[in-house]
Amino acid sequence: MANRKYIVGNWKMNGLQSELSDMAAIAQIAAAHSSVDVAICPPLTLVATASAQNPDFSIGTQDCHFNEKGAHTGCISAAMIQQAGASFSILGHSERRADQHETDAEIKAKAEAVHALGLGAIICVGETEAERDAGKAVEVVCGQLAGSFPDHADPSWLTIAYEPVWAIGTGRVPQARDVEEMHAAIREKLKTLMNSGADAVRILYGGSMNGANAAELLAVANVGGGLVGGASLTAEKFGPIIEAAVTS
Ligand code: 13P
């Protein structure tokens, strides 16, 4: 598994029923590239229909609450996303850390909640531009990783995504050497956080990945795949990234 690239599309707040045809087209491309693990995280409203329509395709969610049930208006539990057909959730995306003020401790609890039901988790970490300019990128990212790292972590269910905040949706991508430095730092930190299995945890890169830059990014040491926003919305844009993962 560690050697298989993992390409995940995060549709964010995009996608109505009419976009399910894009999901089906992406699932078809994924089926034709069986050496790559591919998944899409649509908005919650599409999860049940998307998973019913594409039973062999991996569908995830973009968040999940840490409690099993209760008075949390607007929130969705791990059991709910599982029943809808999701097999994993993205957790701690920088947009949620910023907009919903999610803390490391909450993200850790969310990861443990999804794992308790046998679901997977992709925990996101990443520095802001100001933090990078201040020379604190590695410190910030490793701090987020340690703070949000779940108990009983294992590569069979846990994935890390490094997404520099300043690269998300901007068309700006870090230099390959900066990606390499950060992914190596994350790998070393994982070794201190896990008794075993740290080498097999996949560390995805995210932030303005597209069909033109995917091959270079995916070839960087310790890059186990990509977490893709805008370029995951259509098969036309996402397909070339999946193809790049085959050859990388
Ligand atoms: P973009 O690919 O649109 O930059 O988004 C990256 C991201 O935030 C994926 O979670």
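In case you missed it, the structure is sitting above this.
Now for a quick tour of the structure.

Rules used throughout
Residues numbered from 1 in each chain as written. Predicted model: local features only at pLDDT ≥ 70, side-chain atom pairs only at ≥ 80, totals over all residues. Heavy atoms only, no water. Helix = DSSP H or I, 4+ residues; strand = E, 2+ residues; numbered from the N terminus. Rg over C-alpha atoms; globule rule 2.2 N^0.38 Å. Contact = heavy atoms within 4.5 Å. Areas by Shrake-Rupley, 256 points an atom, 1.4 Å probe, with all protein chains shown as cover. Lys, Arg positive; Asp, Glu negative; His and termini not counted. Charge placed at Lys NZ, Arg CZ, Asp CG, Glu CD. Core = buried A, V, L, I, M, F, W, Y, C linked by side-chain atoms within 4.5 Å. Buried < 20%, exposed > 50% of the residue type's maximum accessible area, 1.4 Å probe, protein only. Axes fitted to C-alpha atoms, helices over the stretch in contact; angles between N-to-C directions. Parallel < 35°, antiparallel > 145°, perpendicular 65-115°, else oblique. Nonpolar A, V, L, I, M, F, W, Y, C, P; charged D, E, K, R; others polar. Pairing = 2+ DSSP bridges. Near = heavy atom within 4 Å. Polar contact = N/O pair within 3.5 Å; in protein donor to acceptor, adjacent residues only side chain to side chain. Right-handed = clockwise from strand over helix to strand, strands pointing away. Left-handed = near helix turned anticlockwise from the far one by under 90°.

**Let's talk about the overall build of the chain**
Regarding its fold elements, the chain presents 10 helices and 8 strands. Expected size for 248 residues packed as a compact globule is a radius of gyration near 18 Å; at 17 Å, the chain falls within 12% of this value. Oriented by its inertia axes, the alpha-carbon framework of the chain measures out at about 45 × 45 × 35 Å. Counting contacts in the chain only where the partners sit at least 6 residues apart, residues at least 24 apart contribute 72% of the total. Summed over all atoms, the accessible surface of the chain reaches about 11000 Å², with 50% contributed by carbon and sulfur. Charge separation in the chain, taken as the distance between the mean sites of 17 positive and 28 negative side-chain charges, equals 2 Å.

**A closer look at the nonpolar core**
Phe 57, Ile 160, Ile 186, Leu 190 and Phe 238 are the most contacted members of the largest nonpolar core, which has 63 residues in total. Beyond its immediate stretch of four places on either side in the chain, Ile 186 contacts Val 125, Val 141, Leu 145, Ile 160, Tyr 162 and Ile 203. Cys 41, Phe 88, Ile 122 and Cys 124 belong to the second largest nonpolar core, which has 11 residues in total.

**Examining the packing of helix α5 (residues 104-116) against helix α7 (residues 137-148)**
The N-to-C vectors of α5 and α7 enclose an angle of 50°; their axes lie 7 Å apart at closest approach. Classified by the angle between their axes, α5 and α7 sit oblique to one another. Facing α5, whose interface residues are Asp 104, Ala 105, Ile 107 and Lys 108, α7 presents Gly 143, Gln 144, Gly 147 and Ser 148. Each residue belonging to the contact of α5 with α7 can be placed in one class, and the counts come to 2 nonpolar, 4 polar and 2 charged.

**Thoughts on the sheet that holds strand β4 (residues 88-91)**
Taken together, the 8 strands give a closed barrel; going around it, the order is β1-β2-β3-β4-β5-β6-β7-β8, and neighbouring strands pair in parallel fashion. With direction set aside, neighbouring strand axes in the sheet form an average angle of 25°. Of the pairings in the sheet, the one linking strand β3 (residues 58-61) to β4 comprises 2 bridges and is parallel in character. Each bridged residue has a counterpart across the sheet, and for Gly 60 the counterpart in β4 is Phe 88.

**Some points on the side chain of Ser 77**
Locating Ser 77 in the fold gives a position in the loop between β3 and α3 (78-84). You can call Ser 77 buried: its relative accessible area is 5%. For Ser 77, the residues in contact, after removing those within four places along its chain, are Cys 64, Asn 67 and Glu 68.

**Some thoughts on the site of the ligand**
Around the ligand sit 13 residues in total, of which Lys 12, His 93, Gly 169, Ser 208 and Gly 230 are the nearest. Glu 163 has a polar side-chain atom sitting 2.9 Å from an oxygen atom of the ligand. Note that an oxygen atom of the ligand is positioned 2.8 Å from one of the backbone N or O atoms of Gly 229. Notes on the ligand: free accessible area 310 Å², of which the protein chains cover 94%.

**Comments concerning the environment of Glu 19**
Within the secondary structure layout, Glu 19 lies in the loop between β1 (6-10) and α1 (20-31). Judged by relative accessible area, which is 29%, Glu 19 ranks as partly exposed. Linking Glu 19 and His 72, residues 53 residues apart in sequence, is a C-alpha distance of 29 Å.

**Topic: the pairing of β1**
Most of β1 is tucked away, with 5 of its 5 residues classed as buried. In the sheet, β1 pairs with strand β2 (residues 37-41) via 5 bridges, with the strands oriented parallel. Opposite Ile 7, over in β2, you have Val 38 as the bridge partner. Handedness of the β-α-β unit built from β1, α1 and β2 comes out right-handed. Sheet analysis places β1 next to strand β8 (residues 225-228), joined by 4 bridges and oriented parallel. By the bridge assignment, Tyr 6 is partnered in β8 with Gly 225.

**Details of the packing of α7 against helix α8 (residues 176-193)**
At a minimum axis distance of 10 Å, the contact between α7 and α8 shows a crossing angle of 35°. Read as a crossing pair, α7 and α8 show a hand that is right-handed. Together, Ala 137, Val 138, Val 141, Cys 142, Leu 145 and Ala 146 of α7 and Glu 181, Met 182, Ala 185, Ile 186, Lys 189, Leu 190 and Leu 193 of α8 make up the contact between the two elements. For the contact of α7 with α8, the class distribution of residues is 11 nonpolar, no polar and 2 charged.

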